[in-house]
Amino acid sequence: MSQDLRKLLQQIFADVAVRPSANDGILGDIEKLTISGDGTCIKTGGSPFGIRTCDCANKGIFNCDCHRKFSDPDARYGWDSYHETWFYGYSGYFLVTYNEELKSDIPIYLRLVEAPRYDGVTAIIALSEARALYPDFVFDKFIGDCAHDNYPTYHLLNKWNIKPVIPLNKKNKNNSKYQGTIKINENGIPVCMAGLSMVYNGFMKDRNRIKWRCPFATGKVDSCNCKDKCSSSDYGRTVYTKPSSDPRLFTVIPRGSDEWKSEMKKRTSSERVNKRLLNDYELELSKTRGKKRWSFWIMIHSINIHLDARLKKSKFDFISMLDGLLGRAA
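Residues numbered from 1 in each chain as written. Predicted model: local features only at pLDDT ≥ 70, side-chain atom pairs only at ≥ 80, totals over all residues. Heavy atoms only, no water.

Asks: How should the layout of surface pockets be read in this particular structure?
Replies: A water-sized probe rolled over the atoms picks out the places where empty space is left. Approximately 1100 Å³ is the volume found for the largest pocket. As for the largest pocket, its lining consists of 29 residues, and the residues nearest its centre are G39, C41, D80, S81 and Y82. Only strand 1 (33–43), strand 4 (76–80), strand 5 (85–99) and helix 6 (268–280) provide two or more residues apiece to the lining of the largest pocket. A breakdown of the residues in the lining of the largest pocket according to their chemical character gives ten nonpolar, eight polar and eleven charged. The calculated volume of the second largest pocket comes to roughly 600 Å³. Surrounding the second largest pocket, 24 residues form its lining, N158, W160, N161, I162 and K163 being those nearest its centre. (1 Å grid on protein atoms, 1.4 Å probe; cavity = no way out; pocket = protein on both sides within 12 Å on 5 of 7 lines; lining within 4 Å. Points joined across faces, edges and corners; volume = space filled by probe spheres on them. Helix = DSSP H or I, 4+ residues; strand = E, 2+ residues; numbered from the N terminus. Nonpolar A, V, L, I, M, F, W, Y, C, P; charged D, E, K, R; others polar.)

Take a look at the structure:
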């Protein structure tokens, strides 16, 4: 599929579905959007072996090198890490926002890439194109799984003032650039003298650093054997970490904090969109062949998701209005 056609489909999807939904308030505050990104494996209906165009089989030659006809020539083999198996087809990558009021998952960007493409690579391209497609949208937070845990992604998100909400990949356990003197745990949280995780006390935007306080002084633990050795102040010892020291470890929203846990729950919205497109709309059963057809049908079904959310909002607004009228009448 040509780049011009792909951009045309993206633009159609933006104009027909995303922008009308934004105008209706389906996306929420477009000046402070939280988006999640995730990839999915898409199996094509085409055969990786192709169709014979020669008559070698009639001559008893079954292993010839003659040219074959492929119904889906752009398809490739990729690894499905969830099912731990190889698949033949494409990788889909979607950016999604979640509407808490409607309990709806709303896709805003769709991309079909080669099956071997890693999600961490596709995410950078997807975010760049989404920002260009929606220049009036402000992306405040990006939520992704551990496949997005790489330094280039963090550096790019920080440059764009997008807060990363990405769990650490266990395979990157020793891949840290932090060389400071403060002892930290596997989540990038400072550890006090007693071996306890310190308590997040906010992000100081003016100085671009994160404040941490003593767990005993903040009431998180009942006692501490190191209180007198650590600090004589009732406020307790305070330390600071800077995202600039290691953007991967010291994220603006610290891992393990209440805000982190709350935002991380929204990550499954992108997975639910994947499931809805492939299972609910039965794209996996369609045996579709060709990148153009796949991209077209993914766009059509994603438009349906927007229409469904807008219909749900209309019903929600009507019920709210009716409740208000009945309340006044009573």
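After that view, the rundown keeps rolling.
Asks: I tried to follow the sheet that holds strand 11 (residues 238–241) on my own but got confused; where do I start?
Replies: Strand pairing within a sheet occurs via backbone hydrogen bonds; the two strands may be parallel or antiparallel. Strand order in this open sheet of three strands is 9-10-11, and the pairing throughout is antiparallel. Edge strands, defined here as strands with exactly one partner in the open sheet, are strand 9 (199–204) and strand 11. Across the sheet, the mean angle separating the axes of adjacent strands is 25° when strand polarity is ignored. (Pairing = 2+ DSSP bridges. Axes fitted to C-alpha atoms, helices over the stretch in contact; angles between N-to-C directions.)

Asks: What should I look at first to understand empty space enclosed by the protein in this one?
Replies: On inspection of all chains with the given rule, the structure shows three cavities of 30 Å³ or more. Looking at the largest cavity, it is lined by 13 residues, and the ones nearest its centre are L9, Q10, L110, R111 and S295. For the lining of the largest cavity, the per-class residue count stands at eight nonpolar, two polar and three charged.

Asks: Help me understand the packing of aromatic side chains in this model?
Replies: Remark: the centre distance and the inter-plane angle together describe each pair of aromatic rings, the angle taken between the planes. Enumeration over the complete set of coordinates arrives at five aromatic pairs. Measuring from ring centre to ring centre gives 5.1 Å for Y77 and Y88, while their planes differ by 55°; the resulting arrangement is tilted. A residue pair is termed long-range when its members are at least 10 positions apart, and Y77 in strand 4 and Y88 in strand 5 qualify at eleven residues. Their ring planes at 70° and their centres at 5.2 Å tell us that W79 and W86 sit as a pair that is edge-to-face. W79 gets classed as partly exposed once you look at its relative accessible area, which sits at 44%. (Phe/Tyr/Trp six-rings, centres within 6.5 Å; stacked < 30°, edge-to-face > 60°. Buried < 20%, exposed > 50% of the residue type's maximum accessible area, 1.4 Å probe, protein only.)

Asks: Would you explain the environment of G92 in this entry?
Replies: With respect to the element layout, G92 can be found in strand 5. In this structure G92 comes out as buried when scored by relative accessible area, which is 0%. Expressed as a C-alpha distance, the spacing of G92 and I298, which sit 206 residues apart in the sequence, is 9.3 Å. Those residues in contact with G92 that sit more than four places away from it in its chain are D38, G39, T40, I42, R111 and L112. (Contact = heavy atoms within 4.5 Å.)

Asks: Can you walk me through the environment of H155 in this structure?
Replies: Structurally, H155 is set in helix 3 (residues 151–159). Residues H155 and E101, spaced 54 residues apart in sequence, show a C-alpha to C-alpha distance of 32 Å.

Asks: Looking at this structure, I do not really get helix 6. What am I missing?
Replies: The α-helix advances 3.6 residues per turn, and as a result positions three or four apart in sequence lie on the same side. Those residues of helix 6 lying buried are S269, S270, V273, N274, L277 and L278. Projected down its long axis, helix 6 carries its buried residues within an arc of 160°, all on one side. In the stretch just after helix 6, E282 is the one whose phi turns positive, near 55°. (Arc of directions from axis to C-beta.)

Asks: How do you make sense of the pattern of salt bridges when you look at a structure like this?
Replies: Opposite charge on two side chains makes pairing possible when the charged atoms of those side chains draw close. Enumeration over the complete set of coordinates arrives at 16 salt bridges. Across the pair R248 and D149 runs a salt bridge, and its minimum N-O distance is 2.8 Å. In this pair, R248 sits in the loop between strand 11 and helix 5 (258–264) while D149 sits in the loop between strand 7 (139–143) and helix 3, placing the two residues 99 residues apart along the sequence. The residues R248 and D149 share a single accessibility class, namely buried. Among the charged side chains, a network of salt bridges with common partners joins E100, D140, K141, K163, E263 and K266. (Salt bridge = Lys/Arg side-chain N within 4 Å of Asp/Glu carboxyl O.)

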